Amino acid sequence: MSTPSHQYRPATRTGRIADFVDQRVGASGMVKEFGRKIFPDHWSFMFGEVALYTFVILLISGTFLTLFFDPSMAHTTYTGSYDPLKGVGMSVAYHTALDLSFDIRGGLFMRQLHHWSALLFVAAVSVHMLRVFFTGAFRKPRELNWVVGGVLLVLAMAAGFTGYSLPDDLLSGNGLRIIDGIIKAIPVVGTYVSAFMFGGEFPGTAIVGRLYMLHIMLIPALILLMVAVHLFMVVVHKHTQWAGPGRTEDNVVGFPVGPVYAAKAGGFFFIVYGVVGLISGFFTINPIWNYGPYDPSPVSAGTQPDWYIGWADGALRLMPGMLGDFSFDWIIPFPWGDNTLAMGVLVPALVLVGLLGAMFAWPWVERWVTKDDREHHLLDRPRNAPFRTGVGVAGVVFYCVLWAAASSDLIATHFHVALNDVTYWLRTLFFLGPILGFIVARRIALALQRKDREIVLHGREAGIIEMSPEGAFSERHEQIDDYKLYKLTSFESYEVLPPQADRAGHVSRSEKLRGKVSKFFFEDRVAPVTRAELEEARSHHGHHAVAAGSHEELGQ
Amino acid sequence: MKALSQKRRHPLAAVALLLMGLLVTGGLYAAASSVNEAQAASAYSASDVEEGNKLFLANCATCHGLNAEGTDSGPSLIGVGAASVDFQVGTGRMPMQMQGPQAQAKPVQFDEEQTRQLAAYVASLAPGPAVPEAEWLDASLGNSAEGGEIFRVNCAMCHNAVGAGGALTRGKFAPSLGGVSEKHIYEAMATGPQNMPVFNDSNITPEDKRDVITFLKEVEANGSPGGAQLGSLGPVSEGLFVWTAGLGIIIAFTIWLTSRPS
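From a predicted model like this one, the values you see are computed outputs, not experimental measurements.

Turning our attention to the overall build of chain B. Each helix and strand counted, chain B has 11 helices and two strands in total. Listed by position from the N terminus, the elements making up chain B come as α-α-α-α-α-α-α-α-β-β-α-α-α. For 262 residues, the compact-globule formula gives about 18 Å, and the C-alpha radius of gyration of chain B, at 26 Å, lies well above that figure. Taking all 262 residues of chain B together, the buried fraction comes to 42%. Within chain B, residue pairs in contact and separated by at least 24 positions form 64% of the contacts whose partners lie at least 6 positions apart. Total accessible area on chain B stands at roughly 13700 Å², and carbon and sulfur atoms take up 61% of it. If you average the places of the 16 positive and of the 24 negative side-chain charges in chain B, the two averages end up 13 Å apart.

Glancing now at helix α10 (residues 206-222) of chain B. Residue and element names in this part refer to chain B. Given a rise of 1.5 Å per residue, 17 residues ought to cover 24 Å, and the 24 Å separating the end C-alpha atoms of α10 matches this to within 8%. Here α10 lies mainly inside the structure; 12 of its 17 residues are buried. Among all positions of α10, only P206, K209, R210, D211, V212, I213, T214, F215, L216, K217, E218 and V219 are buried. Residues of α10 that are buried make contact with α7 (144-154) and α9 (182-191).

Here the focus is the pairing of strand β8 (residues 337-342) of chain A. Residue and element names in this part refer to chain A. Where strand β7 (residues 329-334) meets β8, six bridges bridge the pair, whose relative direction is antiparallel. Counted as the bridge partner of I331 is T340 from β8. In sequence, β7 turns back onto β8 through a hairpin of two residues.

Looking now at the layout of surface pockets. Looking at the largest pocket, its volume works out to about 1200 Å³. Lining the largest pocket we find 47 residues, and of these F161(A), I179(A), I182(A), I309(A) and A312(A) sit closest to its centre. Among the secondary structure elements, those contributing two or more residues to the lining of the largest pocket are α6 (143-164), α7 (170-185), α9 (207-237), α12 (307-318) and α13 (343-370) of chain A together with β1 (166-167) of chain B. Counting residues per element, the lining of the largest pocket draws most heavily on α7(A), which supplies nine residues. Of the residues assigned to the lining of the largest pocket, the class counts are 34 nonpolar, eight polar and five charged. In this structure, the second largest pocket occupies an estimated 960 Å³ of space. Elements with a minimum of two residues in the lining of the second largest pocket: α3 (47-66), α5 (107-134), α6, α9 and α10 (257-282) of chain A. Per element, the largest residue contribution to the lining of the second largest pocket is seven residues, and it comes from α9(A). In the lining of the second largest pocket, the residues fall into 24 nonpolar, eight polar and five charged.

Residues and elements named next belong to chain B. By domain assignment, chain B separates into domain 1 (43-125) and domain 2 (138-222). Once you take the C-alpha centre of each, domain 1 and domain 2 turn out to be 23 Å apart. With 13 residues of domain 1 at the contact, the number on the domain 2 side is 13 residues. At the boundary of domain 1 with domain 2, total buried surface from both sides reaches about 1100 Å², with 53% on carbon and sulfur atoms. Our count for the domain 1 to domain 2 interface comes out at six residue pairs in polar contact (both at pLDDT 80 or more). Here the side of domain 1 that touches domain 2 is composed, by residue class, of five nonpolar, six polar and two charged.

So, on to helix α14 (residues 386-406) of chain A. All names here are of chain A. Taking 1.5 Å as the rise per residue, α14 with 21 residues should run 30 Å; its terminal C-alpha atoms sit 30 Å apart, in good agreement. Restricting attention to buried positions, one finds in α14 the residues P386, F387, R388, T389, G390, G392, A394, F398, V401, L402, A405 and A406. Tucked into the core, α14 has its buried residues touching α5, α12, α13, α15 (408-414), α16 (419-458) and α18 (509-522).

As a further point, take the packing of α6(A) against α13(A). Residues and elements named next belong to chain A. At a closest axis distance of 10 Å, the pairing of α6 and α13 adopts a crossing angle of 170°. Looking at the two axes, α6 sits roughly antiparallel to α13. Judged by residue contacts, E143, W146, V147, G150, V151, L153 and V154 of α6 engage L356, M359, F360, P363, W364 and R367 from α13. Classifying every residue of the contact of α6 with α13 by side-chain character gives 10 nonpolar, one polar and two charged.

The rules we used
- Residues numbered from 1 in each chain as written.
- Chains lettered and ligands numbered in written order.
- Predicted model: local features only at pLDDT ≥ 70, side-chain atom pairs only at ≥ 80, totals over all residues.
- Heavy atoms only, no water.
- Helix = DSSP H or I, 4+ residues; strand = E, 2+ residues; numbered from the N terminus.
- Rg over C-alpha atoms; globule rule 2.2 N^0.38 Å.
- Buried < 20%, exposed > 50% of the residue type's maximum accessible area, 1.4 Å probe, protein only.
- Contact = heavy atoms within 4.5 Å.
- Areas by Shrake-Rupley, 256 points an atom, 1.4 Å probe, with all protein chains shown as cover.
- Lys, Arg positive; Asp, Glu negative; His and termini not counted.
- Charge placed at Lys NZ, Arg CZ, Asp CG, Glu CD.
- Expected span 1.5 Å × (residues − 1).
- Pairing = 2+ DSSP bridges.
- 1 Å grid on protein atoms, 1.4 Å probe; cavity = no way out; pocket = protein on both sides within 12 Å on 5 of 7 lines; lining within 4 Å.
- Points joined across faces, edges and corners; volume = space filled by probe spheres on them.
- Nonpolar A, V, L, I, M, F, W, Y, C, P; charged D, E, K, R; others polar.
- Domains from an automatic or database assignment.
- Buried area = accessible area lost by both parts, 1.4 Å probe.
- Polar contact = N/O pair within 3.5 Å; in protein donor to acceptor, adjacent residues only side chain to side chain.
- Axes fitted to C-alpha atoms, helices over the stretch in contact; angles between N-to-C directions.
- Parallel < 35°, antiparallel > 145°, perpendicular 65-115°, else oblique.

Written out as structure tokens, the structure reads:
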């Protein structure tokens with residue numbers, strides 16, 4: 001310590017500043033670790049970045065909005081410049097939100113920027129999760145990061161919903177009323193939770209202020225924390241990559257953060273900002289002045305939540321209140337009187353919880369079925385994991401049915417069909433859609449795999465028809481290049497793993513179930529082409545291949 | 001007086017009293033509510049009624065009956081008033097193209113004169129809501145803020161917050177109010193066409209109806225301060241837009257970025 005071990009003498013001013021910082025916080029180690037982190041290049045890897053950038057836009061535009069928005073539910077009379085609301089009684093929150101739209105320079109743009117980037121934020125998070133799911137990027141060692149990502153999705157929806165409720169216009173108030181109804185449907189504690197949340201009877205005078213606290217402080221702080229954990233794990237795990245020559249389970253091929261990816265990602269941030277900015281400038285979103293102040297009595301047609309809450313609204317719309325003479329309001333007699341179990345609200349809520357739960361649990365489900373405990377850093381092409389692709393498509397179809405149900409009224413008016421028929425069809429699809437989705441998606445994946453296999457073994461159809469001296473017609477097949485060959489042959493295909501006996505020779509019930517699921521998932525499979533098969537095929541086709549080659553030379 | 005007080009315990013006294021009360025309140029109500037509904041009935045001449053009758057027999061009687069008394073295919077028009085005819089025929093809903101959940105607007109089939117004659121004929125059958133006076137249709141005289149409140153409480157649940165329209169059950173729908181004339185908006189409120197409820201003058205006064213017209217016309221004239229309004233359909237069109245155009249543009253950029261050699 002006493003002897004100056006630091007012989008380095010920086011020559012420039014920048015160097016001196018950098019050296020000063022480095023000696024105190026050891027920044028060079030961090031820069032080395034992060035700066036040399038490798039990112040593989042593929043368009044589908046960039047949705048996480050889009051989510052991060054839209055979140056930054058949300059922080060910037062949100063900060064501007066807090067300067068002028070007042071989350072008070074105190075009563076006031078509108079005095080701003082929007083004529084159709086002049087003299088109308090409303091809350092201070094709605095008044096200031098209107099002022100932001102009409103009387104503060106740039107306010108409307110910032111509101112629209114905030115709202116559009118919120119919609120894009122949740123959409124980017126969702127697409128990112130779909131990419132991770134369908135490519136199997138959640139497998140060991142990344143299961144926990146999948147969970148963190150799922151928590152981020154839930155937080156994003158919570159951030160969106162609390163923001164949607166702040167302006168205290170008719171639309172946001174109707175949304176809150178539905179949430180209030182769902183909370184009240186919780187058995188035993190529901191009414192208490194609702195009373196605590198709203199500070200008494202709905203709507204009360206407290207809720208906007210409380211949601212504001214959640215929206216601008218607690219939820220963003222949690223999102224930031226989860227983003228930090230998420231990115232930290234991305235660095236620890238390294239990035240996944242597509243299989244290719246030189247790309248293995250043990251390396252990552254791509255560009256380092258410094259300088260290439262930092263420049264690219266920085267540029268991409270401005271592209272995203274620019275795109276959202278243009279959309280915000282040219283397309284209106286949430287025109288709160290149209291909806292009017294919140295009043296518990298009116299509900300206007302076309303009252304829907306933002307898209308990411310749509311599936312919840314759809315679940316409520318699909319659930320029948322009565323089925324023939326059977327009521328879903330279950331009245332439970334207790335010694336102190338009758339209590340009602342509102343199954344018409346509870347069942348949809350459980351459906352949502354179930355879908356989210358399945359999403360969180362999937363990595364463990366897959367590990368349990370396959371008993372695959374190895375690390376995976378190479379991604380699956382969706383066709384090469386037909387079972388997972390099938391399950392994923394089933395989940396997407398399920399979600400989309402709920403999503404469509406949230407806009408059943410607009411489907412009815414815009415496609416000139418009866419609202420009731422839309423609901424009946426969607427109820428049918430609610431049950432059949434995921435099953436059909438699974439079957440169709442898995443069949444397509446298997447078919448694509450067979451096509452790949454055909455291409456590997458027999459080459460690509462060249463579209464050139466040849467006539468032999470005997471008069472027979474045949475199509476010439478061309479061998480694909482080695483890069484393509486590598487891509488089409490380097491994947492794994494799980495086989496059915498029958499129930500295994502434990503040490504005592506006993507096959508447990510859960511193991512029997514696992515065996516059944518394994519059989520269901522992997523009974524139909526297409527094996528990757530082996531080296532022996534490829535050599536056999538090539539030697540068999542040798543004559544044709546040479547002939548094809550010589551023709552090509554002639555052609556050139 | 002003595003006779004009356006002696007019979008006050010008669011078993012039918014209560015019934016008589018009730019009957020009297022009902023008659024008085026009913027009579028007063030009828031007098032009060034028909035005051036502003038019999039407005040312009042006298043403006044039609046006898047020849048208008050006669051011409052209207054001819055048009056009616058040629059074009060409407062198949063469904064509505066030879067004397068407008070109604071058949072299985074169409075309702076009675078006795079008492080629906082001139083406003084009803086002016087709305088239904090003036091917006092092309094009548095004559096109806098086909099039976100369905102509700103009559104749809106289509107190109108108008110009769111000219112103004114013919115529509116007036118048809119209205120005169122139907123108005124001659126029994127008193128009913130008349131075609132509104134011009135003073136109730138002048139949007140510049142109304143108050144848009146009050147009209148907006150009335151609209152949100154009474155109309156927006158079917159017609160959407162700015163009148164973009166909405167769905168009803170079993171194929172019925174509330175149409176968009178964009179581009180609908182002041183007169184037809186008023187008549188729709190007064191007569192309740194198709195599945196719409198009637199908002200008579202004691203429910204929404206002519207002044208209030210004018211406020212609603214002012215609100216709708218002002219919102220329409222204002223345009224959209226925030227840019228293209230995507231059909232004014234609320235969060236559904238916004239979500240659709242962000243998933244198609246928004247994400248589409250972003251994906252195009254990601255493909256462009258990752259396809260560039262570094």
